[in-house]
Amino acid sequence: MRFALIATSAAAMVAIPLVAGAGAPRMSSAEFVSAVRCTAYQDVAHPDADVSLAKFRLNSEATRQSPEAAAEAHKAASEIARAAAAAENTGGLAQRACQGIAAASLAQLQRDA
């Protein structure tokens with residue numbers, strides 16, 4: 001009986017902070033859209049790179065963002081995919097897009113996960 005009480009208390013101590021942080025966005029809307037753009041550019045510029053984990057984390061973050069921010073990010077990613085289909089050299093685009101805040105935002109999201 002005592003063990004069950006201790007185990008339940010320990011589980012609650014771990015679960016409560018996780019649940020409390022689950023609903024709140026980890027990034028501002030601008031940081032989120034920038035991180036999505038960066039990931040989209042990386043995906044089209046380096047098809048051999050594995051960006052699936054970054055996409056998974058960004059999709060998870062999208063559920064915490066406002067619908068407007070999620071729609072803006074989706075639109076940006078679609079525009080990047082269309083532009084990449086028409087462009088010959090996408091490597092330079094990815095390098096420029098991922099400087100500054102987008103790279104920092106993505107790094108922050110990866111540390112928080």
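So, here is what we can say about the structure in this document. (Residues numbered from 1 in each chain as written. Predicted model: local features only at pLDDT ≥ 70, side-chain atom pairs only at ≥ 80, totals over all residues. Heavy atoms only, no water.)

## Quick look at the pattern of salt bridges
Scanning the entire structure with this criterion turns up 2 salt bridges. For lysine 55, the salt bridge identified is with aspartate 43, shortest N-O distance 2.8 Å. Here lysine 55, found in helix H3 (residues 52-62), pairs with aspartate 43, found in helix H2 (residues 29-45); they are 12 residues apart in sequence, far enough to count as distant. Judged by its relative accessible area of 26%, aspartate 43 falls in the partly exposed class. (Salt bridge = Lys/Arg side-chain N within 4 Å of Asp/Glu carboxyl O. Helix = DSSP H or I, 4+ residues; strand = E, 2+ residues; numbered from the N terminus. Buried < 20%, exposed > 50% of the residue type's maximum accessible area, 1.4 Å probe, protein only.)

## Some words on the packing of H2 against helix H4 (residues 67-86)
Interhelical geometry of H2 versus H4 gives an angle of 25° and a closest axis separation of 9 Å. As judged from the angle between their axes, H2 and H4 are roughly parallel. The handedness of the crossing between H2 and H4 comes out as right-handed. Listed contacts from H4 to Ser29, Phe32, Val33, Val36, Arg37, Ala40, Tyr41 and Val44 of H2 are Ala69, Ala70, Glu72, Ala73, Ala76, Ala77, Ile80, Ala81 and Ala84. Residues belonging to the contact of H2 with H4 are distributed by class as follows: 14 nonpolar, 1 polar and 2 charged. (Axes fitted to C-alpha atoms, helices over the stretch in contact; angles between N-to-C directions. Parallel < 35°, antiparallel > 145°, perpendicular 65-115°, else oblique. Left-handed = near helix turned anticlockwise from the far one by under 90°. Contact = heavy atoms within 4.5 Å. Nonpolar A, V, L, I, M, F, W, Y, C, P; charged D, E, K, R; others polar.)

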